Amino acid sequence: MLDIGCGTGRLEAALAGRARVWGVDAEPAMLDVARRNAPDATFKHGRAEQLPFKDGWFERAVMWLSAHLFDRQKAFAEARRVLGREGRLAVVTFDPSYFDAFWLNTLFPSMECADRARFSTAAELEGELRAAGFAYVELANLSQRGAHTRAEALERIRGRHISTFDLISQEEYEAGLARAEQELPECFEYRVEWLIAVADG
Ligand SMILES: C[S@@+](CC[C@H](N)C(=O)[O-])C[C@H]1O[C@@H](n2cnc3c(N)ncnc32)[C@H](O)[C@@H]1O
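Residues numbered from 1 in each chain as written. Predicted model: local features only at pLDDT ≥ 70, side-chain atom pairs only at ≥ 80, totals over all residues. Heavy atoms only, no water.

Engineer: It is not clear to me how the side chain of Asp-95 should be interpreted in this structure. Could you clarify?
Structural biologist: Turning to its location among the elements, Asp-95 is positioned in the loop between strand E5 (83–94) and helix H4 (111–118). Of the buried charged residues, Asp-95 lacks a salt bridge, with Arg-116 as the closest side chain of opposite charge at 7.4 Å. Here the side chain of Asp-95 touches Ser-97 through a polar contact of 2.8 Å, side chain to side chain. With residues near it in sequence (within four places) discarded, Asp-95 still touches Asn-141, Glu-193, Trp-194 and Leu-195. (Helix = DSSP H or I, 4+ residues; strand = E, 2+ residues; numbered from the N terminus. Buried < 20%, exposed > 50% of the residue type's maximum accessible area, 1.4 Å probe, protein only. Lys, Arg positive; Asp, Glu negative; His and termini not counted. Salt bridge = Lys/Arg side-chain N within 4 Å of Asp/Glu carboxyl O. Polar contact = N/O pair within 3.5 Å; in protein donor to acceptor, adjacent residues only side chain to side chain. Contact = heavy atoms within 4.5 Å.)

The structure is reproduced here in structure tokens:
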């Protein structure tokens with residue numbers, strides 16, 4: 001299995017002993033952490049748009065919260081190329097409805113627009129996968145509830161834990177952090193709306 005945009009290797013760690021997994025990522029620092037987290041997996045530096053693997057090398061491929069960062073047309077075509085005939089790609093991403101009530105939206109008002117521009121709707125994702133050569137695409141939605149304590153939420157904001165922080169100005173970031181420090185409740189619930197596409201053929 002190939003994990004494209006593997007980050008810190010959390011999928012590789014979860015699959016240890018159950019599958020032979022390769023991870024590929026464009027950031028060497030991510031790969032350093034991934035190698036520590038999942039010593040049994042194999043990691044390679046590379047870009048989703050130009051995968052450093054032979055044609056038909058993998059049975060399965062996954063893009064977990066990474067497709068929104070790729071040139072999707074190129075990355076999906078590359079995934080199709082490195083998968084064998086019976087190969088299957090799973091794209092796990094946020095459904096745009098997630099941004100209707102994303103807990104950071106009120107603190108950082110321009111985040112919603114920045115995220116909606118990066119994440120495909122279900123129909124767009126299906127079209128992109130078909131255009132890249134996948135004949136069959138199945139879509140599923142999954143709704144997941146979670147909760148953060150105030151301390152966890154502040155730690156995430158201070159660590160700029162999602163790439164959307166790179167798309168807002170420093171002024172907006174500082175103002176939002178100051179509001180979060182004053183206004184966040186001790187504990188709050190949130191919901192993640194996942195969109196999962198499984199493509200093959
Ligand atoms: C939000 S993280 C998700 C990581 C991992 N899939 C997970 O869910 O824990 C996205 C990852 O994609 C990587 N990435 C961004 N653009 C990339 C590209 N063009 N090719 C390969 N990796 C890329 C980033 O370095 C980052 O590690």
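Engineer: Just checking my understanding: could you explain the site of the ligand for this structure?
Structural biologist: As a matter of local geometry, the ligand sits amid 17 residues, with Gly-5, Arg-10, Asp-25, Ala-48 and Trp-64 nearest to it. One of the backbone nitrogen or oxygen atoms of Gly-5 is found 2.8 Å away from a nitrogen atom of the ligand. Within the side chain of Glu-49, one N or O atom sits 3.0 Å away from a nitrogen atom of the ligand. Here the residues of the shell around the ligand sort into eight nonpolar, four polar and five charged. (Near = heavy atom within 4 Å. Nonpolar A, V, L, I, M, F, W, Y, C, P; charged D, E, K, R; others polar.)

Engineer: Before we go on, may I ask you to explain helix H5 (residues 122–131) in this structure?
Structural biologist: Side chains three or four residues apart in an α-helix point the same way, a direct result of the helix having 3.6 residues per turn. Of all the positions in H5, only Leu-125, Glu-128 and Leu-129 are classed as buried. For H5, the angular spread of the buried residues around the axis is 95°, confining them to a single face. Across H5 from its buried face, at more than 90 degrees, point the exposed residues Ala-123 and Ala-131. On the buried face of H5, the contacting elements are helix H3 (72–82), E5, strand E6 (136–149) and strand E7 (187–200). Of the residues trailing H5, Gly-133 is marked for its positive phi of about 110°. (Arc of directions from axis to C-beta.)

Engineer: Mind showing me how you'd approach the packing of aromatic side chains here?
Structural biologist: Each aromatic ring pair is described using two quantities: the centre-to-centre distance and the angle formed by the ring planes. What the rule picks out here adds up to 15 aromatic pairs. Between Tyr-98 and Phe-99 the ring centres are 5.5 Å apart and the planes differ by 50°, which places this aromatic pair in the tilted class. A single burial state applies to Tyr-98 and to Phe-99, both of which are buried. Each ring, one from Phe-99 and one from Phe-119, has its centre 5.2 Å from the other, and the planes form 55°; the classification is tilted. Of this pair, Phe-99 sits in the loop between E5 and H4 while Phe-119 sits in the loop between H4 and H5; the two residues are 20 residues apart in sequence, bridging distant segments of the chain. Overall, the relative accessible area of 1% leaves Phe-99 in the buried class. Positioned above the aromatic ring of Trp-64, the side-chain terminus of Arg-10 is 3.8 Å from the ring centre. Above the face of the Tyr-173 ring, Arg-160 is positioned so that its terminal group lies 4.5 Å from the ring centre. (Phe/Tyr/Trp six-rings, centres within 6.5 Å; stacked < 30°, edge-to-face > 60°. Lys NZ or Arg CZ within 6 Å of the ring centre and 35° of its normal.)

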